[in-house]
Amino acid sequence: KKMSESKRNIPHFTYVDDIDVTKLVELRKQAKARYADKGINVTYLPFIMKAVVEAHRQFPMMNASLDESTQELVVKHYHNYGIATDTDQGLVVPVISHVDQKSIAQLAAEIQEVAALTREGKLGGDRLQGGTFTLTNAGNIGGLFATPVINFPEVAILGVHAIKKAPIVNDEGEIVVGSKMYLSVSIDHRIVDGATGARWMNVIKECLEDPQTLLLGAI
């Protein structure tokens, strides 16, 4: 019902960019090793979520919803992010609250817990409400990139895709082997112009391509 409502009411447009995540791969490797003995599996998703927080701070219109009944835009000054999760019962979107107030390790632990509860069908209904923005991750399955459907009535959804080895031209003009990832954001074109969506994505790209300046202190 929500997907039909989204496609019926929202004029979607999707913006795609490729991100050089070579430094992020190394940083995540360090974080994964650091917290392995605590049973925390640090994935790339917490880093991406923190980058989204920074992008939303600069472009708050992307962290909003449209009240169809009043035609009022409600801009959210809190960061509760839904994580689209594949289960035997279909797609479920548990919500991680106050992402801006949590460290990489805290986010990793909560994502791990929530994903397990979701797949077991034990997640409480309160954990499925109150989201301001949604991320969907198909990177572990494959493919190049997708054009995700917005989680109505939110304004946008970010698609996270597989990290792959790729040739990269460094600052000295040399071709080296690095790691790249596509990100795709679908946006409600009634609310956000293409230029704003591109600038929002640029903030995420800057954060992920040089993640230590933004994220290392939170690990």
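The following refers to the structure shown. For clarity, every value in this text was computed on a predicted model and none was experimentally measured. (Residues numbered from 1 in each chain as written. Predicted model: local features only at pLDDT ≥ 70, side-chain atom pairs only at ≥ 80, totals over all residues. Heavy atoms only, no water.)

1. A short note on the side chain of K102
(1) Moving on: With respect to the helices and strands, K102 occurs in the loop between strand 6 (95–96) and helix 4 (104–119).
(2) Moving on: A polar contact of 2.8 Å, which involves the side chain of K102, links it to the backbone oxygen of S97.
(3) Moving on: What K102 contacts, discounting residues up to four positions off in sequence, is K50, I96, S97, L107 and E110. (Helix = DSSP H or I, 4+ residues; strand = E, 2+ residues; numbered from the N terminus. Polar contact = N/O pair within 3.5 Å; in protein donor to acceptor, adjacent residues only side chain to side chain. Contact = heavy atoms within 4.5 Å.)

2. Section: unusual backbone geometry
(1) Moving on: Residues F152 and P153 are joined by a peptide bond in cis, for which omega reads 10 degrees.
(2) Moving on: Following the sequence through the fold, P153 ends up in the loop between strand 7 (133–137) and strand 8 (156–169).
(3) Moving on: Residues other than glycine seldom take positive phi values, yet Q71 does so here, at roughly 60 degrees.
(4) Moving on: Mapped onto the fold, Q71 is located in the loop between strand 2 (64–67) and strand 3 (72–75).
(5) Moving on: A positive phi angle, near 50 degrees, is found at H98, a position not held by glycine.
(6) Moving on: You can call H98 partly exposed: its relative accessible area is 37%. (Buried < 20%, exposed > 50% of the residue type's maximum accessible area, 1.4 Å probe, protein only.)

3. So, the packing of helix 3 (residues 45–58) against helix 5 (residues 194–209)
(1) Moving on: Running from N to C, helix 3 and helix 5 cross one another at 135 degrees; their axes reach a closest spacing of 8 Å. Classified by the angle between their axes, helix 3 and helix 5 sit oblique to one another. Both helix 3 and helix 5 take part in a crossing whose hand is right-handed. Of the residues in helix 5, those in contact with F47, I48, A51, V52, E54, A55, H56 and Q58 of helix 3 are W200, V203, I204, C207 and L208. (Axes fitted to C-alpha atoms, helices over the stretch in contact; angles between N-to-C directions. Parallel < 35°, antiparallel > 145°, perpendicular 65-115°, else oblique. Left-handed = near helix turned anticlockwise from the far one by under 90°.)

4. Quick look at a nonpolar patch on the surface
(1) Moving on: On the surface, a cluster of nonpolar side chains totalling about 190 Å² of accessible area is made up of M61, L73 and V75.
(2) Moving on: Mapped onto the secondary structure, V75 falls in strand 3. (Patch = residues over 30% accessible without salt bridge, like charges linked within 9 Å, V, L, I, M, F, W, Y side chains within 5 Å. Areas by Shrake-Rupley, 256 points an atom, 1.4 Å probe, with all protein chains shown as cover. Salt bridge = Lys/Arg side-chain N within 4 Å of Asp/Glu carboxyl O.)

5. Let's talk about the pattern of salt bridges
(1) Moving on: Counted under the stated rule, the structure contains nine salt bridges.
(2) Moving on: As a salt-bridge pair, E54 and R57 come within 4.0 Å of each other at their nearest N and O atoms. One end of the pair is E54 and the other is R57, both in helix 3 and three residues apart, which spans about a single turn.
(3) Moving on: Owing to a relative accessible area of 51%, R57 belongs among the exposed residues under this scheme.
(4) Moving on: As a salt-bridge pair, K102 and E110 come within 2.7 Å of each other at their nearest N and O atoms. Residues K102 and E110 agree in their burial class; the two are buried.

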